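Remarks on the overall topology
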Amino acid sequence: MNINVPQSKAELDKLLADANAILPYTEDTSVLKTPIKVKNKVLHNRIVYQAMEGCDGTKDGAPDDLTIRRYTRFAKGAPALIWFEATAVMQEGRANPRQMYLNDKTADDFRRMVEMIKELSMKENGFEPVVICQLTHSGRYSKPEGKPAPRIAYNNPIFEGENPIPKEAILSDDELDRICEALINGAKMAEQVGFDGADIKCCHRYLLCELLSAYEREGRYGGSFENRTRLVRTAAAGAIASCSDDFIITSRMNIYDGFPYPYGFGVNEGDGITPHYEEAKMLAKALVELGMPMLDFTMGNPYFNPNVNRPFIGSLDKFGDHPMFGVERMLKGIGEVKKAVPGIPVISSGISFLGTEGAKVNAACIENGMFDLAGFGRQTLAYPDCAKDITMGEGLDKKKICIACGKCSEIMRAGGTPGCVIRDTEMFMPLYRELVLNKK
């Protein structure tokens, strides 16, 4: 079926009808221009640029030329909050040899990067964005030297098939304790270099997220809900205790993985991949009770079911999942989990497929209390000034929007530095041709 992102209300309505999906809609997007507070920090609008990994740092893990180019474009784009990309807290947990890595050698480079983002946004837009550092351990997707070097919570046949990862790669409880300390130290260092907050990353099936579904693991980090959530809760508590009261400790967390029990979080035993959000609500509430003042919700695994976490134009053909149904699942799921934490701002995900109508759907969702901030991911690579057009201009431009083709991810999976092949053609089409099409 020929499916494209909508470029009008009529096209949105047709896609929703085809998917048998329903989403709220309003022509009045003024709520996206209104400020909101997180702790003592003011977000000047409701637009968040989600963490989009560039795989373009230095060998040591510092921002490099393409990193600086990307965040220069983001800073000029006028989002209120920039969720800085996945940043490793130890060498073994890097997802690729060019992943960001905050350490003593790279601290000054990160400090200059954060200063640049804030100064440039102030100059261009009249305000400084809040900048959150996403702290991560890549777990089974670790590849610090360029070849797979997985560290896992447990063996998973859905991912591993007939070639299970050796048992030696399963992290011991003591090793997980050390990773917890590394996350806490990473939060302290993020504050020292000027970030406004740190994300204890617990999404997309990287290590902390994988632990959420470690139902059959033995020891302190498996089995019960308390054990499976121990690492994210302990790291969060330690980071909150170790950083200043002004510093934001938060989490981008999965509320649903999209895999059956016992290999997926957010499902019930015997009920396939039907979402059940009871444990996600419990975790969100527990993190808020620890002191998290904001949460960023998402779903799925970009490696195995990208239709769940970033619906794209091929979702129906490849997964039998209409992309607009995927958007509905994401937004309504986020709205359901938000009910457990009504007193804090919650950020949406998975909205780039909404095309030109994204701002209008998100404004309606915010007005309906489903979430508080609109989080754009792929859209920011294609359209880095989308926040400015939404909040200071005439809305999203159909000539600039992300078309949800997935080419940025194809470059990343091929070992390159991802970017928008369609809207940033001169920079990224040669890389796409070389790595994906195997043409020089």
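Residues numbered from 1 in each chain as written. Predicted model: local features only at pLDDT ≥ 70, side-chain atom pairs only at ≥ 80, totals over all residues. Heavy atoms only, no water.

Focus: empty space enclosed by the protein
Under the definition given, this model contains three cavities of 30 Å³ or more. Elements supplying a minimum of two residues to the lining of the largest cavity: β11 (374–376), α14 (378–382) and α16 (407–413). Split by residue class, the lining of the largest cavity holds 12 nonpolar, 11 polar and six charged. (1 Å grid on protein atoms, 1.4 Å probe; cavity = no way out; pocket = protein on both sides within 12 Å on 5 of 7 lines; lining within 4 Å. Points joined across faces, edges and corners; volume = space filled by probe spheres on them. Helix = DSSP H or I, 4+ residues; strand = E, 2+ residues; numbered from the N terminus. Nonpolar A, V, L, I, M, F, W, Y, C, P; charged D, E, K, R; others polar.)

Remarks on unusual backbone geometry
Following Tyr-261, the chain continues into Pro-262 via a peptide bond in cis, with omega recorded as 5°. Note that Pro-262 resides in the loop between β8 (248–254) and α9 (278–290). Look at His-204: it is not a glycine, yet its phi comes out positive at around 60°. Topologically, His-204 is positioned in the loop between β7 (197–200) and α6 (207–211). Relative accessible area serves as the criterion here: at 10%, His-204 is assigned to the buried category. You will see that Ala-404, though not glycine, has its phi angle at about 55°, which is positive. (Buried < 20%, exposed > 50% of the residue type's maximum accessible area, 1.4 Å probe, protein only.)

Let's talk about the nonpolar core
In this structure, Phe-195, Ile-200, Ile-249, Ile-255, Phe-297, Met-324 and Leu-331 are the most contacted members of the largest nonpolar core, which totals 114 residues. If one sorts the elements of this core by residue count, helix α5 (residues 173–192) sits on top with nine residues. Judged by nonpolar contacts, the second largest core, of 14 residues, contains Ile-36, Ala-51, Ile-248 and Leu-373. (Core = buried A, V, L, I, M, F, W, Y, C linked by side-chain atoms within 4.5 Å.)

Side note on α9
An ideal rise of 1.5 Å per residue puts 18 Å on 13 residues; α9 measures up with 19 Å between its terminal C-alpha atoms. The inward-facing, buried residues of α9 abut α7 (225–228), α8 (230–242), β8, β9 (295–298) and α12 (323–338). Where α9 ends, the next residue or the one after it, Gly-291, has phi of about 130°, a positive value. (Expected span 1.5 Å × (residues − 1). Contact = heavy atoms within 4.5 Å.)

Some thoughts on the layout of surface pockets
Taken as a whole, the largest pocket encloses approximately 420 Å³ of empty space. Residues belonging to the lining of the largest pocket are distributed by class as follows: 11 nonpolar, six polar and five charged. Taken together, 13 residues line the second largest pocket, and the ones lying closest to its centre are Pro-302, Pro-306, Arg-310, Phe-312 and Lys-318. Contributions of two or more residues to the lining of the second largest pocket are made by α11 (315–319) and α16.

Some points on the pattern of salt bridges
Across all of its chains, the model carries 30 salt bridges by this definition. Residue Lys-360 is joined to Glu-27 by a salt bridge in which the shortest nitrogen-to-oxygen separation is 3.3 Å. One end of the pair, Lys-360, is in helix α13 (residues 358–367); the other, Glu-27, is in the loop between α1 (9–19) and β1 (36–38), and 333 residues separate them in sequence. Among the residues examined, Glu-27 registers a relative accessible area of 57% and is labelled exposed. The residue Arg-252 makes a salt bridge to Asp-296 at a minimum N-O spacing of 3.0 Å. Of this pair, Arg-252 sits in strand β8 while Asp-296 sits in strand β9, and the two are 44 residues apart along the sequence. Asp-296 matches Arg-252 in its accessibility class, with the two residues each being buried. (Salt bridge = Lys/Arg side-chain N within 4 Å of Asp/Glu carboxyl O.)

Digging into the packing of helix α2 (residues 65–76) against helix α3 (residues 107–125)
For the pair α2 and α3, interaxial distance at closest approach is 8 Å and the crossing angle is 35°. Here the hand of the crossing between α2 and α3 comes out right-handed. Together, Thr-67, Ile-68, Tyr-71, Thr-72, Ala-75 and Lys-76 of α2 and Met-113, Met-116, Ile-117, Leu-120, Ser-121, Glu-124 and Asn-125 of α3 make up the contact between the two elements. Along the lines of polarity and charge, the residues of the contact of α2 with α3 split into seven nonpolar, four polar and two charged. (Axes fitted to C-alpha atoms, helices over the stretch in contact; angles between N-to-C directions. Left-handed = near helix turned anticlockwise from the far one by under 90°.)

Read these as geometric descriptors, not functional statements.
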